[in-house]
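One-letter residues, chain by chain:
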Amino acid sequence: MAKLLVLHGPNLNLLGEREPGIYGRTPLSSIDAGLQADAERAGHTVECMQSNAEHELVDRVQAARRDGTAFILINPAAFTHTSVALRDALAAVALPFIEVHLSNPHTREPFRRHSYFSDVALGVIAGFGADSYRFAMDAALGWLDRRAADA
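Residues numbered from 1 in each chain as written. Predicted model: local features only at pLDDT ≥ 70, side-chain atom pairs only at ≥ 80, totals over all residues. Heavy atoms only, no water.

An unreviewed UniProt entry lists the chain under the name 3-dehydroquinate dehydratase, with Cognatilysobacter bugurensis as the source organism. Turning to the chain, the UniProt record has this under Function (unreviewed entry): "Catalyzes a trans-dehydration via an enolate intermediate." Looking at the chain in UniProt, the text filed under Catalytic activity (unreviewed entry) is "3-dehydroquinate = 3-dehydroshikimate + H2O". (UniProt positions renumbered as here; feature names shortened; annotations may be inferred.)

Structure below.
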């Protein structure tokens, strides 16, 4: 059994209400419930956390280094384009992670096309709405299964 950590960045607490044409109508609570169900079916646990505060996300990433977390899914949201601190925390803990986005940042405003995370992420899944999280969870679970089989 592995522990997965799902981190949601700023404004994702407003999913379902905020710009539904871009981010969809699925509330964050539904996304988290689906991820928890997927992980449990695979015999793993998942913790989900959303914060609008960069330092809280950095603190949680750093704590993951010592709390048994095996894999991180993160939607840095606006921090994707601004947070060297969160990127450095992920690099420092050296845990595998997938960068997740509801929309496709490459089809949006030019400032959204740069990510501080992509070069240190195991992969990036973007543009599939709430399904982006499900696809990322599937990829993480597959990665964990392959790692367990190789051990």
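Here the narrative resumes, following the displayed structure.
(A) Highlighting the overall build of the chain. Counting its regular elements, the chain contains 5 helices and 5 strands. Tracing the chain from N to C terminus, the helices and strands come up as β-α-α-β-α-β-α-β-β-α. Here the C-alpha atoms of the chain give a radius of gyration of 14 Å, agreeing with the 15 Å that 2.2 N^0.38 yields for 151 residues. Seen through its C-alpha atoms, the chain measures out along the principal axes to roughly 45 × 30 × 25 Å. (Helix = DSSP H or I, 4+ residues; strand = E, 2+ residues; numbered from the N terminus. Rg over C-alpha atoms; globule rule 2.2 N^0.38 Å.)

(B) Structural view of the layout of surface pockets. The computed volume of the largest pocket comes to approximately 180 Å³. Considered class by class, the residues forming the lining of the largest pocket number 7 nonpolar, 5 polar and 3 charged. (1 Å grid on protein atoms, 1.4 Å probe; cavity = no way out; pocket = protein on both sides within 12 Å on 5 of 7 lines; lining within 4 Å. Points joined across faces, edges and corners; volume = space filled by probe spheres on them. Nonpolar A, V, L, I, M, F, W, Y, C, P; charged D, E, K, R; others polar.)

(C) Here's a closer look at the UniProt feature "binding site: substrate" (unreviewed entry) in the chain. Look at the UniProt record and you will see "binding site: substrate" (unreviewed entry) annotated at N75, H81, D88, L102, S103 and R112. Annotated residues spanning 38 residues; largest pairwise C-alpha distance 23.8 Å, indicating distribution over more than one region. Narrowing the list just given to those that line the largest pocket leaves N75, H81, L102, S103 and R112. Position of N75 among the secondary structure elements: in strand β3 (residues 69-75). For N75, the contacting residues outside a window of four places in its chain are L7, H8, G9, L12, V100, H101, L102 and Y133. (Contact = heavy atoms within 4.5 Å.)

(D) View of the sheet that holds strand β1 (residues 3-8). Pairing in this open sheet of 5 strands is parallel, and the strands run β2-β1-β3-β4-β5 from one edge to the other. Taken across any chain shown, the strands that pair with only one partner, and hence form the sheet edges, are β2 (45-50) and β5 (123-126). Neighbour-to-neighbour, the strand axes of this sheet turn through a mean angle of 20°, independent of strand direction. Note: β1 against β3, 6 bridges, orientation parallel. From the neighbouring strand, K3 faces β3, where its bridge partner is T69. The sheet contacts of helix α3 (residues 54-64) involve β1, β2 and β3, and relative to β1 the element is tilted by about 170°. (Pairing = 2+ DSSP bridges. Axes fitted to C-alpha atoms, helices over the stretch in contact; angles between N-to-C directions.)

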